[in-house]
Structures are given as structure tokens and as C-alpha cells.
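# Close look at the chain arrangement
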Amino acid sequence: MIVHFQIAIFVQFLIALDINLHTLHQSAHFVANSTKYDYSNGPMEGINHKIKNLKRSCFGFRNFENLLRRIECIRY
């Protein structure tokens, strides 16, 4: 019974591995570009995350200008 369970787990692992390899094969060009060039969108993603958190926490602002002022403070 344990052997059947281990075989089922191994089959699931092989299916997941096949899906991952297929995805890697489809995006091989993008992976090669990411290793070739030293650009990253990480800083922009960080700014977007901070703005989204600010929008969640400042839901009750009286006007939109206050939110824009707070966003300007985040970016710099």
C-alpha cells in the first residue's frame, strides 16, 4: 500500500516536472535575454506594490489630491 502511494507521488512529480520543462522550453528566449542583459523591473514592481498598499490603507481620504501627494512621497 505504501508502494502504491509512493508511485502515485512520483507520477505527480513527473507530471509537474514535464509541465515546468515545457514552460521553460516555451520561454527559453526570454530566459536567455534575462541572463544576457542586466535590466530588471524589480524596482518598478516595488513601487507598484507600495502604491497598492497605500491605496488599501488610505481608503478614507477626503480627496484624491491627498492620495497623489502620498504617492509622490513614496516614489522619492
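Up top you'll find the structure we're talking about.
The paragraphs below set out a description of the structure included in this document. (Residues numbered from 1 in each chain as written. Predicted model: local features only at pLDDT ≥ 70, side-chain atom pairs only at ≥ 80, totals over all residues. Heavy atoms only, no water.)

A few words now on the packing of aromatic side chains. For the coordinates displayed, the defined rule picks out two aromatic pairs. When the ring of Y37 is compared with that of Y39, the centres are 6.4 Å apart and the planes differ by 20 degrees; the resulting orientation is stacked. A relative accessible area of 43% means that Y37 is categorised as partly exposed. For Y39, a relative accessible area of 74% corresponds to the exposed category. (Phe/Tyr/Trp six-rings, centres within 6.5 Å; stacked < 30°, edge-to-face > 60°. Buried < 20%, exposed > 50% of the residue type's maximum accessible area, 1.4 Å probe, protein only.)

Further remarks concern a nonpolar patch on the surface. On the surface, F10, F13, L14, L17, L21, L24 and V31 cluster together to form a nonpolar patch covering roughly 640 Å² of accessible area. Sorting elements by how many residues they give to the nonpolar patch places helix α1 (residues 2-26) first, with six residues. Residue class for L14 comes out partly exposed when judged on its relative accessible area of 40%. (Patch = residues over 30% accessible without salt bridge, like charges linked within 9 Å, V, L, I, M, F, W, Y side chains within 5 Å. Areas by Shrake-Rupley, 256 points an atom, 1.4 Å probe, with all protein chains shown as cover. Salt bridge = Lys/Arg side-chain N within 4 Å of Asp/Glu carboxyl O. Helix = DSSP H or I, 4+ residues; strand = E, 2+ residues; numbered from the N terminus.)

Before going further, it helps to spend a moment on the nonpolar core. Judged by nonpolar contacts, I51, L54, C58, L67 and I71 together constitute the single largest core of five residues. Put simply, the parts of the chain that give this core at least two residues each are α3 (42-57) and α4 (64-75). Not counting the four nearest positions on each side in its chain, L67 is found in contact with L54, K55 and F61. (Core = buried A, V, L, I, M, F, W, Y, C linked by side-chain atoms within 4.5 Å. Contact = heavy atoms within 4.5 Å.)

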